[in-house]
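# A structural walkthrough
Residue strings, one per chain:
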Amino acid sequence: MKKGCKYGTHRVIEPEGVLPQPAKKISNDMEIFSNEILIDVIALNIDSASFTQIEEEAGHDVEKIKAKIKEIVAEKGKMQNPVTGSGGMLIGTVEKIGDDLVGKTDLKVGDKIATLVSLSLTPLRIDEIIDIKPDIDRVEIKGKAVLFESGIYAILPTDMSETLALAALDVAGAPAQVAKLVKPCQSVAILGSAGKSGMLCAYEAVKRVGPTGRVIGVVRNEKEKELLKRVSDKVRIVIADATKPMEVLNAVLAANDGNEVDVAINCVNVANTEMSTILPVKEFGIAYFFSMATAFTKAALGAEGVGKDITMIVGNGYTVDHAAITLEELRESAALREIFNELYL
């Protein structure tokens, strides 16, 4: 076996010299290198922003969604939405481990895993799309994928269904980042707080701010408000359109006794919500953009335009122990687990 670059640059076809994620095309030849792992893929979880875009482009026609996903993978060698630039994650079983990784990884052939690196950089071959589940952004397939030496993963837990675990692991970076960023006594606003990542973030934020802090959940409608109430009765819930900055600002201020918040978390899956995240944040506060629909140029120029000296953080989908933190939330909270079982199984 030949040995490749630990970051997968040996797979890049176009343009040369870049990493797999920004590459236009990578090799999805499933003859693995000595420091790669071959995965027999069961399902893809397309990230929410990407699936929403594809679904709308396809007019909610399942066959057209299938065709678009096949087209992207055939063209790029990976599942990277050409509009959003994002991908998602997958679950599958370990089929083969490269010679150089034998004894250096805790994986063994037959283990069922979820990859915690984006599909936007993962070599993927789709042989057949078996089913599309639009309600949970899931695509069941027959196919193969490659995990690079640097690729992170989680062995699926045995105390919950794989679909439940995957639903949470798909957004594991968000609540784990909240665990790092949010401090006791702070005020936190979460946009899109009734979505998958938003609910996990709301639950984690309530834990972190403690009894003297405040968590404000921004949702779209009464239905989402009722859903978020089930997550925690300690969240102050407001209804506002995340694409309308002044509407969000006024709603958050009203819920926070007229004060701006220490931290704002963006978990929405639509575009043009940058300023709705920035405006409610106090001077020297933090705006965390987990949403892959974020245009970071808009965020940077927008903050400058309104004179906001705040720290803006790109939503890194990985932080240390993010899988463990997120799965533990489902173990701790019967309400979260019940909701996830209802919505994402």
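Everything below is about the structure printed above this text.
Note that this is a predicted model, so its numbers are computed, not measured.

## Digging into the overall build of the protein
- Across its full length, the protein holds 11 helices and 14 strands.
- For 345 residues, the compact-globule estimate of 2.2 N^0.38 gives 20 Å, and the C-alpha radius of gyration of the protein, at 20 Å, lies within 12% of that figure.
- In terms of overall dimensions, the protein has C-alpha extents of about 65 × 45 × 40 Å along its principal axes.
- Each of the 345 residues in the protein was classed as buried or not, and the buried ones make up 55%.
- Looking at the protein alone, contacts between residues at least 24 apart form 71% of all its contacts between residues at least 6 apart.
- If the 40 positive side-chain charges of the protein are averaged to one point and the 49 negative ones to another, these points end up 1 Å apart.

## Notes on the pairing of strand β4 (residues 88-97)
- The element β4 is extensively covered by neighbouring structure, given that seven of its 10 residues are classed as buried.
- Here nine bridges tie strand β3 (residues 37-46) to β4, and the two strands are oriented antiparallel to one another. By the bridge assignment, Ile39 is partnered in β4 with Val94.
- Looking at chain direction, β4 and strand β5 (residues 112-115) are connected through three bridges and run antiparallel. Note that in β5 the partner of Ile91 across the bridge is Ala114.

## A few points about the sheet that holds β3
- One open sheet accounts for six strands, arranged β6-β7-β3-β4-β5-β8; its pairing is antiparallel. Across the chains shown, the open sheet's two edge strands, defined by having one partner strand only, are β6 (124-133) and β8 (153-155). Across the sheet, the mean angle from the axis of one strand to that of its neighbour is 30°, orientation sign disregarded.

## Here we look at the side chain of Ser187
- With respect to the helices and strands, Ser187 occurs in strand β9 (residues 187-191).
- Since its relative accessible area comes to 8%, Ser187 is described here as buried.
- Not counting the four nearest positions on each side in its chain, Ser187 is found in contact with Arg214, Asn256, Glu260, Val261, Asp262 and Val263.

## A word on the side chain of Lys68
- As for its position among the elements, Lys68 is in helix α2 (residues 62-76).
- Look at Lys68 and you get buried, because its relative accessible area is 17%.
- Discounting chain neighbours no more than four positions away, the residues touching Lys68 are Ile54 and Glu57.

## Overview of helix α4 (residues 173-181)
- Judged by how many residues are buried, α4 sits mostly within the fold: eight of nine residues are covered.
- Of all the positions in α4, only Gly173, Ala174, Pro175, Ala176, Gln177, Val178, Ala179 and Leu181 are classed as buried.
- Considering only its buried residues, α4 is in contact with α5 (196-209), β12 (261-266), β13 (281-289), β14 (311-314) and α10 (322-332).

## Looking at the packing of α5 against helix α6 (residues 222-231)
- For the pair α5 and α6, the least separation of the axes is 10 Å and the interaxial angle reads 40°. Comparing their axes, α6 and α5 come out oblique. Crossing of α5 against α6: the hand is right-handed. For the pair α5 and α6, the contacting residues are Met199, Ala202 and Tyr203 in the first and Leu227, Leu228 and Val231 in the second.

## Topic: the pairing of β5
- Relative to β8, β5 is paired through three bridges, and the arrangement is antiparallel. From the neighbouring strand, Thr115 faces β8, where its bridge partner is Tyr153.

## Regarding the packing of α10 against helix α11 (residues 334-344)
- Contact geometry of α10 with α11 gives a least axis separation of 5 Å together with a crossing angle of 100°. In this view, α10 runs roughly perpendicular relative to α11, as classed from their interaxial angle. For the pair formed by α10 and α11, the contact residues are Glu329, Leu330, Arg331 and Glu332 on the first element and Ala334, Leu336, Arg337 and Phe340 on the second.

## Considering unusual backbone geometry
- Here the residue pair Glu14 and Pro15 is connected by a cis peptide bond, since its omega of -10° sits within 30 degrees of zero.
- Notably, Asp257 is not glycine yet its phi reads approximately 55°, a positive angle.
- Relative accessible area serves as the criterion here: at 55%, Asp257 is assigned to the exposed category.
- Not every positive phi belongs to a glycine, and Phe284 is a case in point at roughly 70°.

Cut-offs applied
- Residues numbered from 1 in each chain as written.
- Predicted model: local features only at pLDDT ≥ 70, side-chain atom pairs only at ≥ 80, totals over all residues.
- Heavy atoms only, no water.
- Helix = DSSP H or I, 4+ residues; strand = E, 2+ residues; numbered from the N terminus.
- Rg over C-alpha atoms; globule rule 2.2 N^0.38 Å.
- Buried < 20%, exposed > 50% of the residue type's maximum accessible area, 1.4 Å probe, protein only.
- Contact = heavy atoms within 4.5 Å.
- Lys, Arg positive; Asp, Glu negative; His and termini not counted.
- Charge placed at Lys NZ, Arg CZ, Asp CG, Glu CD.
- Pairing = 2+ DSSP bridges.
- Axes fitted to C-alpha atoms, helices over the stretch in contact; angles between N-to-C directions.
- Parallel < 35°, antiparallel > 145°, perpendicular 65-115°, else oblique.
- Left-handed = near helix turned anticlockwise from the far one by under 90°.

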